[in-house]
Amino acid sequence: MKFEFHDPKLGSIFGLTDDIVKDEGYFSTTAGTIKFLWNRNRESVFFQIDGIRMELLPDQLVTTTYLQHVSYDKEQGPLTAFLFNREFYCISDHDSEVSCNGILFFGTQDVPIISIPKEQLRKFNTLYEVFEDEFSTPDKIQGDMLQMLLKRLIIICTRLAKEQLIVKKLDNEQIDVIRKFNVLVDLHYKRKRKVSDYAEMLFKSPKTLSNLFAMYNQKSPQQIILERLALEAKRLMNFTDKQNQEIAYELGFNDPAHFSRFFKKMTNFSPTQYRESALITP
């Protein structure tokens, strides 16, 4: 079965399916998503991450990010998947060890494969059922509840990863630089707007960073910085009572008019127009 929570105002998505191979094309979007892949079969499943063949044993999970290209072998059992993007569960909103820059995601070059111990399998299956139940309750706080459940899943898997340290090396320093850049942007986007700021922290030149992102078909470093700012502005407008001027100052703009021009360039709406559209949109 396939379930999806989608907030068009933020562009956020959280999805759950018991067969990602069959259902992947039916989600609103899978671009820019982070995934938990869980083998709930009695036999191994095989797939490729960036051209490297991976085996997932029964009751094992693996996490993948939007920096990786994943392809599946369709001639095998179904593969359960949880998927979400940064708009749904954002790095800077959570403690580093259980967020997207923790050991399960951007905090390592490795692809972490986690084995679910037999004594914990019931816990995982119960959590899966709770996710399913929550999708049957489409109210105004459904997104909040799904975020809480996702955080619980991340915490449980992080604990297992720390204990097991079952990781397979993908010795790719270039991808690691891209991951570190994304983490740094989430930490510093309110005060650091220039690619050169991040290049300095990564001991790279701005040109090297730009070329690297282009090589992996990523958005430009500057675009990533600006989109992170715009996302936070939308979050503050949607979920707080802060006025435009307060938001401008919180995001590091000295002039509210500059913030308004920036926001319209990024979203095609002025802050006021965006708020009005949010009130109209169901």
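The model shown is predicted, which means the values in this text are computed figures rather than measured ones.

Participant: Sorry if this is basic, but what is going on with the packing of aromatic side chains here?
Facilitator: Any aromatic ring pair is given by two values, namely how distant the centres are and how the planes are angled relative to each other. Using the criterion set out here, one finds 17 aromatic pairs in the structure. Pairing F14 with F131 gives two aromatic rings, centres 5.5 Å apart and planes at 20 degrees, and the pair type is stacked. Placement of the pair is F14 in strand β2 (residues 12-17) and F131 in helix α2 (residues 118-135), with a sequence separation of 117 residues. Note on F14: relative accessible area 0%, which makes it buried. Pairing F82 with F131 gives two aromatic rings, centres 5.2 Å apart and planes at 55 degrees, and the pair type is tilted. Taken together, the positions of F82 in strand β8 (residues 80-85) and F131 in helix α2 put the pair 49 residues apart, joining distant regions of the chain. On the basis of relative accessibility, which here comes to 2%, the residue F82 falls in the buried class.

Participant: Is there a simple way to explain unusual backbone geometry in this structure?
Facilitator: Among all residues save glycine, negative phi is the norm, and among peptide bonds the norm is trans. Even without being glycine, D59 reaches a positive phi, approximately 65 degrees. Within the fold, D59 resides in the loop between β5 (52-56) and β6 (60-64). Assessed through its relative accessible area of 26%, D59 is described here as partly exposed. The phi dihedral of F203 is positive, around 60 degrees, even though this residue is not glycine. Assignment of secondary structure puts F203 in the loop between α5 (195-201) and α6 (206-215). Judged by relative accessible area, which is 75%, F203 ranks as exposed.

Participant: Looking at this structure, I do not really get the nonpolar core. What am I missing?
Facilitator: Across soluble globular proteins, you tend to see nonpolar side chains buried next to one another. If you look at the biggest cluster of nonpolar residues, it comprises 61 residues, and the most contacted ones within it are F14, F36, F84 and F259. The leading source of residues in this core is helix α3 (residues 142-164), at nine residues. The next biggest cluster of nonpolar side chains, apart from the first, holds 17 residues, and it includes F27, M54, V62 and V70.

Participant: Where do I start with helix α9 (residues 256-267) in this structure?
Facilitator: An α-helical turn contains 3.6 residues, so a residue and the one three or four places further along point in the same direction. For α9, spanning 12 residues, the distance from its first C-alpha to its last is 16 Å, which sits close to the expected 16 Å at 1.5 Å a residue. Listed as buried for α9 are F259, F262, F263 and T267. Along the axis of α9, the buried residues cluster in a sector spanning 105 degrees; they form a single face. Exposed and facing more than 90 degrees away from the buried side of α9 are R261 and K265. Here α9 starts with a cap whose side-chain oxygen sits 3.0 Å from the backbone nitrogen of A257, and that cap is D255. Of the residues flanking the end of α9, it is N268, one or two places downstream, whose phi is positive at about 70 degrees.

Participant: Any chance you could explain the pattern of salt bridges here in plain terms?
Facilitator: Between side chains of opposite charge, a pair can form as their charged atoms come close. A complete count under the given rule lists seven salt bridges for this structure. A salt bridge links E250 to K190; its shortest N-O distance comes to 3.5 Å. Highlighted residues: E250 in helix α8 (residues 244-250) and K190 in the loop between α4 (173-188) and α5, separated in sequence by 60 residues. Judged by its relative accessible area of 22%, E250 falls in the partly exposed class. Between E232 and R228 there is a salt bridge whose closest N-O contact spans 3.2 Å. Residue E232 and its partner R228 are both found in helix α7 (residues 221-239); the two are separated by four residues, about one turn of the helix. You can call E232 buried: its relative accessible area is 10%. One salt-bridge network, in which partners are shared between bridges, spans R86, D186, R228 and E232.

Participant: Teacher, can you tell me more about the confidence of the model for the protein here?
Facilitator: Detailed reading of the predicted coordinates is not advisable wherever pLDDT is low. For the protein, per-residue confidence averages 87 on the pLDDT scale, and 89% of positions sit at 70 or higher. Note on residues 166-171: pLDDT under 50 across the span, and 20 contacts to partners over four residues away in sequence or across chains.

Participant: Would you explain the environment of L83 in this entry?
Facilitator: Locating L83 in the fold gives a position in strand β8. Note: C-alpha distance between L83 and E24 (59 residues apart in sequence) is 9.9 Å. For L83, the contacting residues outside a window of four places in its chain are I13, F14, G15, I20, F27, T29, T30, T33, I34 and K35.

Participant: Teacher, can you tell me more about the packing of α7 against α9 here?
Facilitator: Two numbers describe a pair of packed helices, the interaxial angle and the distance between the axes. Where α7 meets α9, the closest approach of the two axes is 10 Å, and the angle between their N-to-C directions is 105 degrees. One way to sum up the angle between α7 and α9 is to call them roughly perpendicular. For the pair α7 and α9, the contacting residues are Q223, L226, E227, L229, A230, A233, K234 and M237 in the first and F259, F262, F263 and M266 in the second. Here the residues of the contact of α7 with α9 sort into nine nonpolar, one polar and two charged.

Quick notes on the rules
Residues numbered from 1 in each chain as written. Predicted model: local features only at pLDDT ≥ 70, side-chain atom pairs only at ≥ 80, totals over all residues. Heavy atoms only, no water. Phe/Tyr/Trp six-rings, centres within 6.5 Å; stacked < 30°, edge-to-face > 60°. Helix = DSSP H or I, 4+ residues; strand = E, 2+ residues; numbered from the N terminus. Buried < 20%, exposed > 50% of the residue type's maximum accessible area, 1.4 Å probe, protein only. Core = buried A, V, L, I, M, F, W, Y, C linked by side-chain atoms within 4.5 Å. Expected span 1.5 Å × (residues − 1). Arc of directions from axis to C-beta. Polar contact = N/O pair within 3.5 Å; in protein donor to acceptor, adjacent residues only side chain to side chain. Salt bridge = Lys/Arg side-chain N within 4 Å of Asp/Glu carboxyl O. pLDDT = per-residue confidence, 0-100. Contact = heavy atoms within 4.5 Å. Axes fitted to C-alpha atoms, helices over the stretch in contact; angles between N-to-C directions. Parallel < 35°, antiparallel > 145°, perpendicular 65-115°, else oblique. Nonpolar A, V, L, I, M, F, W, Y, C, P; charged D, E, K, R; others polar.

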